[in-house]
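Fold and contact review
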Amino acid sequence: MSVLNKTYSVIIIGLFVSKICLSIDPEYSWNNRINSFLTASLNSFLSVTKADEKPLREDVTFWCVNRQNPEYIQTFVNDENLTEKINFNLPVVFLTHGWFDSKNRTWIYQTIEDYLLYQDTNLCVVDWNRLALQSYAISAKNTKKVGHQLARFIKAMENYGMDLDKVTLVGHSFGSHVSGYAGAALGGKDGSSPMPGCLIPAAQTGIHPSQFLCSHFKAVEYFRAALNPENQFIGTWCDGPYDLYEIGICDRNPVEKFGIYAKRRTFGRFYLSTSEDFPFTLNRSRKRRTTIEDVQRYKLRLFNFIFGVQL
């Protein structure tokens, strides 16, 4: 395939995805969408036509805050002044944005504000804007090297005395893939795949809110709401389709909290009920017993799903 054909394919894919996903983002005006699309198309063309020689340390930057220093302070891998920029007596959270995003978005600032309100912690934003402002396929490919760069930064922190048990990785959209790759590079398991649209600490746990759409902003809103310890989202473990949860078959199964208050070693698929309005929590009673009608209704839905027929 020629370079021209490759570029043409990138442009078509970028336009198709941007219409679906970016249109649900209220912070993107049409001008911003068009500018982002044109920039991504140009970046993708340059990535196809020539090797990118820009150092990774310039493409992946780290911007840290805490309650004592609420303004961004840039730090680096093997930064000699690292202990002056990060309070090593506190935990550290790495917040990584996704596709077509950057550290300067409103939702990033809002998440930082909420996080520091409820948690006395360091919070470092991983900014990989230029590598994220590419076609979908190229940005997806870039998540691995961004994740490895994040792992290098965390290892450098460990060399300065940071306990890895005090480190939390939070990723939004492709940021969850970055977090997963970083966790794997540090010796953990890549937990980015179960729910790549949600903001959850990297773990092999799928969180499925009942009102969750392809809206990346709804994921952000859920996560921010769940930062308040008095506003807990409770998920029910359910190893099967949502219908099982909906009719109450899983109501007596183990439960787990959503977000940063979840146990570090929780595995499995969890469903939770949500309301349409903030703070979204709708933790239904778990005392409801499954009726014969529930089971029959579920069997009918399962039959329809397997055989593709409506009875």
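This text gives an overview of the structure that appears in the document. (Residues numbered from 1 in each chain as written. Predicted model: local features only at pLDDT ≥ 70, side-chain atom pairs only at ≥ 80, totals over all residues. Heavy atoms only, no water.)

**Topic: unusual backbone geometry**
Counted only if it meets this: Note on conventions: DSSP H or I runs of at least 4 residues are helices, E runs of at least 2 residues are strands, and numbering of each starts at the N terminus.
With an omega of 10°, the peptide bond running from Phe 278 to Pro 279 counts as cis. Its place among the elements puts Pro 279 in the loop between strand S10 (268-272) and helix H11 (292-307). Unusually for a residue other than glycine, Phe 100 sits at a positive phi of about 60°. Within the element layout of this structure, Phe 100 appears in the loop between strand S3 (92-96) and helix H5 (106-118). Positive phi outside glycine occurs at Phe 280, with the angle close to 75°. Structurally, Phe 280 can be placed in the loop between S10 and H11.

**Examining the state of the cysteines**
Applied cut-off: Sulfur atoms of two cysteines make up a disulfide when they are within 2.5 Å. Using a 1.4 Å probe on the protein chains alone, a residue whose accessible area is under 20% of its type maximum counts as buried, one over 50% counts as exposed, and one in between counts as partly exposed.
Tallied over the entire structure, the rule returns two disulfides. The disulfide bridge from Cys 64 ends at Cys 124, spanning 2.1 Å between sulfur atoms. Disulfide Cys 64-Cys 124: torsion about the S-S bond near 110°, hence right-handed. On the criterion of sequence distance, the pair formed by Cys 64 in strand S1 (residues 61-65) and Cys 124 in strand S4 (residues 122-127) is long-range, its members being 60 residues apart. The same class applies to Cys 64 as to Cys 124, namely buried. Here Cys 238 engages in a disulfide with Cys 250; their sulfurs sit 1.9 Å apart. Its S-S torsion of about 45° marks the bond between Cys 238 and Cys 250 as right-handed, since a negative value means left-handed. Residue Cys 238 is found in the loop between strand S8 (234-237) and helix H10 (242-246), and its partner Cys 250 is found in the loop between H10 and strand S9 (255-257); the two are separated by twelve residues along the sequence. The disulfide pattern of the protein chain is 1-2, 3-4 when the bonded cysteines are numbered in sequence order.

**Examining the nonpolar core**
Note the threshold: In plain words, nonpolar cores are sets of buried Ala, Val, Leu, Ile, Met, Phe, Trp, Tyr and Cys residues tied together by side-chain atoms within 4.5 Å. Note on contacts: a residue pair qualifies if any of its non-hydrogen atoms lie within 4.5 Å across the two residues.
Among the nonpolar cores identified, the biggest contains 28 residues, and Ile 86, Phe 94, Trp 128, Leu 150 and Met 157 are the most heavily contacted of them. Listed by contribution, the elements that provide at least two residues to this core are S1, S3, S4, helix H6 (129-132), helix H7 (136-159), strand S5 (167-171) and helix H8 (174-185). Among the elements that line this core, the one with the most residues is H7, at six residues. Setting aside its immediate chain neighbours within four residues, Met 157 contacts Leu 82, Ile 86, Phe 88, Val 92, Phe 94 and Met 162. Counting residues in each nonpolar core, the second largest holds 16 residues, with Leu 123, Val 170, Phe 217 and Phe 223 among its members.

**Section: the pairing of S8**
Selection criterion: Here, strands pair whenever DSSP counts at least two bridges between them.
Sheet analysis places S8 next to S9, joined by three bridges and oriented antiparallel. The residue of S9 that forms the bridge with Ile 234 is Lys 257. As defined by bridge partners, S8 adjoins S10 across two bridges and the pair is classed as antiparallel. Looking at the pairing, Thr 236 lines up with Tyr 271 of S10.

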